[in-house]
Amino acid sequence: MRQIISKMSTFEQFNLPKSLQKAIDELGLTTPTPIQEKSFSTLMSGRDVMGIAQTGTGKTLAYLLPLLKQWKFIATDSPRIVILVPTRELVVQIVDVVESLTKYMSVRTLGIYGGVNINTQKKAVYQGIDILVGTPGRTMDLALDNVIRFDSVQKLVIDEFDEILNLGFRSQVTSILAMLKNKRQNILFSATMTDEVDDMLDEYFDLPEEVTLAASGTPLEKIEQLAYRTPNFLTKINLLKGLLQSDESMSRILIFVNNKKIADLVANSIEEEFPEQFGLIHSNKSQNYRLNTMASFQAGEIRGIITTDVMARGLDISDITHVINVEFTEIPEQYIHRIGRTGRADKSGIAISFVAPHEEDIQIQAEILMEKEITFLPLPSDVEVATRLLEFEKDRKKIKFLLKRVKKEGGEAFHEKSAKNKQVNLGGPGKVKPRKTKPTNRGVEKKRAAKRKNK
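Attention in this report is confined to the structure presented alongside it. As the structure is a prediction and not an experimental result, all values here were calculated from the model.

Below, the discussion takes up helix 7 (residues 136–144). The buried fraction of helix 7 is high, at seven of nine residues. Here helix 7 has its buried residues at Pro-136, Gly-137, Arg-138, Thr-139, Met-140, Leu-142 and Ala-143. Contacts made by the buried residues of helix 7 are with strand 2 (81–84), strand 3 (109–112), helix 6 (118–126), strand 4 (131–134), helix 8 (161–166) and helix 9 (170–179). Phi for Asn-146, located one or two positions after helix 7, is positive at around 65°.

What follows is the structure, given as structure tokens:
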């Protein structure tokens, strides 16, 4: 019965304006995704909304369709809808979607982000905007220069909110929220629900209605999760080369690491054996280079992309066959987001992680969060196990040794002192001990004592 209902569901059930419906038809979209169906009426109500949904579920259209359905012309050059996202790639992607949907509507859309000439963006703002899509940093810069005004904002959308916070944009987001007028609708979408996200909701949102497609931290069921135990980074490189050489099914791959230096290292290490097969995306690469790399990958001209978590939120690429974590994530929730790049749109996918000894704690935390174990495979016999450590691995061992030493030197007395310092005076009778103080002037005290004695 559920399947029949799903087949009958179309975008026409939303009763969209003809101009918007025509654009959707031309895009070849027929059936709304579960998050689009589930959130539509709630978003139309005008209430604040908190949406939790895995990546690749159609969150962008989930908030754009209700907003565009309610669109009415108003004579103003200031933005009426502001959409904040974490990366430049995501700005470009969402602007493209908005422009496709508003093809037959009178809507001016502008995307702003750092790394390009701010004066060019100022000129574009002065020409008038209806929908502004931007990164928090550049949006804040233009607002402080009084180039962007928020007087007319009716809807604020914060997309990929957990990643915005992970990237350290909390202060910019809170400053923007403080500039906005009180009477507006706040819409927030996030792949995971963390304590920091929850705190922001409590402080700035007005009793938000929660729309949840899947429980926070729940992995997609169609993703097979595998892992290998690797003693060091050079062994990880040898394993990566071996898998790429032996497994022809690895045709569309995302390779994740934790920072741009390691991304460069991986790219250089495999380039000789796999020339021009892999693109590289991180924050040091120019905007044009990153966009061209994404386009080449989407077109099937390259086999995969090596990237970091910072860049991953802007990669909306279909049919990923494998996600390979050369480094395990530093945050358990981020692991779930990484593997969610594959197994989209009811297709299966494979996630493979290379787990070093220092990464086992995070790997276990990720398993607890998912309530599911990752399947570990034996290291292939033809993979060379390296013994040499790279410099960043040596530094990591030094830090670990120093932390152990500090803990050991502290001993029991240290912990007892810490516990004593944590005691809180709750007040009440008999709870406060008299404070012992030394006389500040012994001569004065002696005179007072003699005077009392004579009396």
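Read from one edge to the other, the open sheet built from seven strands follows the order 3-4-2-5-6-1-7, with strand pairing classed as parallel. Strands with a single pairing partner mark the edges of an open sheet, and in this sheet they are strand 3 and strand 7 (209–212). For this sheet, the mean angle separating the axes of adjacent strands, direction not counted, is 15°. By the bridge criterion, four bridges tie strand 1 (residues 49–52) to strand 6 (residues 185–190) in an arrangement that is parallel. Each bridged residue has a counterpart across the sheet, and for Val-49 the counterpart in strand 6 is Ile-187. Of the strands in this sheet, strand 2, strand 3 and strand 4 are in contact with helix 5 (residues 88–101), which crosses strand 3 at around 175°.

Turning to the pairing of strand 13 (residues 349–355), a few remarks are in order. Consecutive side chains of a regular strand alternate in pointing toward one face of the sheet and then the other. Burial analysis of strand 13 places six of its seven residues in the buried class, which makes it a mostly covered element. Direction of pairing for strand 8 (residues 223–229) relative to strand 13: parallel, over a ladder of seven bridges. Along strand 13, the bridge assignment pairs Tyr-228 with Phe-354. Pairing of strand 12 (residues 322–325) with strand 13 involves four bridges; the strand directions are parallel. Across the sheet, the residue bridging to Asn-325 is Ser-353, located in strand 13.

Conventions used here
- Residues numbered from 1 in each chain as written.
- Predicted model: local features only at pLDDT ≥ 70, side-chain atom pairs only at ≥ 80, totals over all residues.
- Heavy atoms only, no water.
- Buried < 20%, exposed > 50% of the residue type's maximum accessible area, 1.4 Å probe, protein only.
- Helix = DSSP H or I, 4+ residues; strand = E, 2+ residues; numbered from the N terminus.
- Contact = heavy atoms within 4.5 Å.
- Pairing = 2+ DSSP bridges.
- Axes fitted to C-alpha atoms, helices over the stretch in contact; angles between N-to-C directions.

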